[in-house]
Every structure is written in structure tokens, then in C-alpha cells.
Amino acid sequence: MKKCALINDLSGFGKCSLCVGIPIISVFGVEAHPLPTAVLSSQTGYNSYEKVDLTDKINDFFYEWKKLGVSFDGILTGYFSDERQVDAVLDFVREQSAFLLVDPVMGDSGVRYKGFSQSLCSKIKELALCADIVTPNVTELYLLTGEKDLKTGAEILLENGVKTVMVTGIQENGKIGNAIFERNFCETFFLPYSGISYSGTGDLFSAIVMGSVLSGSSAYDAVKTAAQFISLAVENTDSVDRNDGVDFEKFLHLLVGREGKF
Ligand code: PXL
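The present account deals with the structure reproduced in this document. (Residues numbered from 1 in each chain as written. Predicted model: local features only at pLDDT ≥ 70, side-chain atom pairs only at ≥ 80, totals over all residues. Heavy atoms only, no water.)

## Here's the deal with the overall build of the protein chain
- Looking only at helices and strands, the protein chain has eight helices and 11 strands in total.
- Computed over C-alpha atoms, the radius of gyration of the protein chain comes to 17 Å, within 12% of the 18 Å expected from 2.2 N^0.38 for 262 residues, which places it in the range of a compact globule.
- Each of the three principal axes of the protein chain carries a C-alpha extent, and together these read 50 × 45 × 40 Å.
- Here the protein chain, with 262 residues, has 52% of them falling under the buried criterion.
- Restricting the contact set of the protein chain to residue pairs at least 6 apart, pairs at least 24 apart contribute 68%.
- As displayed, the protein chain has an accessible area near 11,600 Å², and 50% of this comes from carbon and sulfur atoms. (Helix = DSSP H or I, 4+ residues; strand = E, 2+ residues; numbered from the N terminus. Rg over C-alpha atoms; globule rule 2.2 N^0.38 Å. Buried < 20%, exposed > 50% of the residue type's maximum accessible area, 1.4 Å probe, protein only. Contact = heavy atoms within 4.5 Å. Areas by Shrake-Rupley, 256 points an atom, 1.4 Å probe, with all protein chains shown as cover.)

What follows is the structure in C-alpha cells.
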């Protein structure tokens, strides 16, 4: 079976990060191997939460993985709570010849998430530039490139080594879009927008893209699969609080055996 390392946090409430990544990657028939960057009682959008930072353990975890002699087909990264975590991942990525998808988790709706300093964002940018696919939302693309224009921002990443840029959460004329940018190619897919931007949709997006690509789909088909799945899950979400995330569990079966085609 293919193996995917998932480097992300584990949050008890507010469906996101590893709680989303593990089931999604598994449903594609790919082994999910999590490495938690932090353990939280809930994601940081709630007013109060407890957090255990695992920065001091990350190199020990990688060391133990290396002793096992494992190699990965894919590495998917998400939330980091410290620059030193990103440095450890940069070393690990350079040692593996895995397909790298970096979800540059840094902010949303025009603001940085709590705890994301300028220097942490710069480190995440360094990692993002090593990636095969980067999946920023509109805010993160701006934080990565300083560009508000999506095409110009995506081109900066492409010119600096990224193969595919997928921009999520593009709001236009009451619709929500996801765009794919590659050298000399770009396309945006729009779907109806409910008006609520739920937490965790970025994590769903990056995990579905990774699962699709590792099961043989093109990046183009992977974006469509992710966008359609999230749209369906959002439409059928009961949560009143955006922090609770979307009810993706009800639709996991739709991804089984799809090989990236929804
Ligand atoms: O979904 C992004 C995310 C991931 N992990 C943690 C978060 C957030 C967004 O707020 O707080 C801990």
C-alpha cells in the first residue's frame, strides 16, 4: 500500500487537521501515518483551549521513523506551532523522495491565526516553495506572496519552484471557487456558496487532493473532487458554530474506490 505521512495537529474539537486527514487518506486506500505537531483540546478558533506543543519531540519522532526504515509516497503538512518544527520537516522532506503537498495553514478571512508570527509564516513559505502542490486560501496566498491578485500571487510561487498552486475560498458573485494554477495553465471552478465559511475545509481540501493524487488522479481532477465533496458536506452540515467544522463523515463513502473521480 502507498504510505502518506501526515504532519499536522490533533484537535479534540472543531473537526480539522489530523481528525480530518486520517479518515480521508484512509478512505482513498492509502496508509495514513500521523505525526502530531501539537495536541489541542480544540482548534484555536474557540475562545478557550489547552495546547501541548510537540516541538521538542518532532526530531525524535523522525529519528524513530528513520530507524524503522520507512519511506513515504506522500508527505502532507498542515498546522505548525513553531519554526523549529518546520526546520525538522524541511530536513525530513529532503531525505525522502516523496510527493510533497504543503497546506500553508496561517490564516483565513483576511487575518492570521493566533500564534502565527511573521517569522513562522516565513518558515512555512520556505517549506511551501519545496512543494509539488501548495493549497493556500486567499488570505494565505497573500501572506505567502504579498499579492492580492491571485494569478500574480500564484505565479510568484510557480516561478520559485512549486509545480501546482491550488487557491481555495475564492468568493465571487455569491459563489465559492477553487483555482488551479500551473505553468501556462489556470482554471477556477465555482460552486454555490452557503455564506458560512466553516473551519477545517482547508484541511479537507488538502487531504482529498493528496488522497486523489496518490491514487493516480491528475491534480486537475483532484481539485474538482475536493471542491465537490466539500460543497456537498457543507450543504449538509448541521453545526451552528463555524468552529465545529463540517459534517464530512456522512459522505466519506463517496470517496471509496473513486481513484480521484468524484
Ligand atoms: O484548520 C486550520 C487549523 C488547524 N489547526 C488548528 C487551528 C486551525 C484553524 O484555526 O486552530 C489548531
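## Quick word on the packing of aromatic side chains
- A full pass over the atoms with the stated rule returns nine aromatic pairs.
- With a centroid separation of 5.2 Å and an interplanar angle of 45°, the aromatic rings of Trp-65 and Phe-72 are classed as tilted. Of the two residues examined, Trp-65 and Phe-72, each falls in the buried class.
- Ring geometry for Phe-72 versus Phe-92: centroids 6.0 Å apart, planes at 65°, classification edge-to-face. Here the residue Phe-72 occupies a position in the loop between helix H2 (55-68) and strand E4 (74-77), and Phe-92 occupies one in helix H3 (residues 83-95), the gap between them amounting to 20 residues.
- Chaining the aromatic ring pairs together yields one cluster made of Phe-62, Trp-65, Phe-72 and Phe-92.
- Between the NZ or CZ atom of Lys-148 and the centre of the ring of Tyr-142, over which it lies, the distance is 5.1 Å. (Phe/Tyr/Trp six-rings, centres within 6.5 Å; stacked < 30°, edge-to-face > 60°. Lys NZ or Arg CZ within 6 Å of the ring centre and 35° of its normal.)

## Details of a nonpolar patch on the surface
- A contiguous nonpolar surface patch, about 210 Å² in accessible area, is contributed by Leu-10, Val-39 and Val-52.
- Mapping Val-52 onto the fold places it in strand E3 (residues 51-53). (Patch = residues over 30% accessible without salt bridge, like charges linked within 9 Å, V, L, I, M, F, W, Y side chains within 5 Å. Salt bridge = Lys/Arg side-chain N within 4 Å of Asp/Glu carboxyl O.)

## Considering the site of the ligand
- The environment of the ligand is formed by Asp-9, Ser-11, Cys-16, Ser-17, Leu-40, Gln-43, Thr-44, Tyr-79, Val-105, Tyr-113 and Asp-203.
- Between the ligand and Thr-44 there is a distance of 2.6 Å, counted from an oxygen atom to a side-chain nitrogen or oxygen.
- At 2.7 Å from an oxygen atom of the ligand is found a side-chain nitrogen or oxygen belonging to Asp-203.
- Relative to its unbound accessible surface of 310 Å², the ligand loses 95% to contact with the protein. (Near = heavy atom within 4 Å. Polar contact = N/O pair within 3.5 Å; in protein donor to acceptor, adjacent residues only side chain to side chain.)

## What about the pattern of salt bridges?
- On inspection of all chains with the given rule, the structure shows 13 salt bridges.
- Of the charged contacts, one joins Lys-57 and Asp-60 as a salt bridge, the two residues approaching to 4.0 Å between their closest N and O atoms. A residue pair is termed a helical-turn pair when its members lie 3 or 4 positions apart in one helix, as Lys-57 and Asp-60 do in helix H2 at three residues.
- Overall, the relative accessible area of 44% leaves Lys-57 in the partly exposed class.
- We classify Asp-60 as partly exposed; its relative accessible area is 39%.
- The partner of Lys-67 in a salt bridge is Glu-64, and the shortest N-O contact between them spans 3.4 Å. With Lys-67 and Glu-64 both in helix H2 and three residues apart, the pair spans about one turn of that helix.
- Of the residues examined, Lys-67 reaches a relative accessible area of 54% and is grouped as exposed.
- Among the charged side chains, a network of salt bridges with common partners joins Lys-15, Asp-247, Glu-249 and Lys-250.

## What to know about the state of the cysteines
- For the structure on display, the rule yields zero disulfides.
- With no disulfide of its own, Cys-16 lies closest to Cys-19 among cysteine sulfurs, the gap being 6.9 Å. (Disulfide = S-S within 2.5 Å.)

## Comments concerning the nonpolar core
- Ranked by internal contacts, the top residues of the largest apolar core, which has 41 residues, are Phe-62, Ile-75, Phe-80, Val-89, Leu-127, Val-165 and Phe-181.
- The greatest single-element share of this core, amounting to six residues, is contributed by H3.
- Among the nonpolar cores identified, the runner-up in size contains 37 residues, and Val-20, Val-30, Tyr-198 and Phe-205 belong to it. (Core = buried A, V, L, I, M, F, W, Y, C linked by side-chain atoms within 4.5 Å.)

The values are spatial; any link to function lies outside them.
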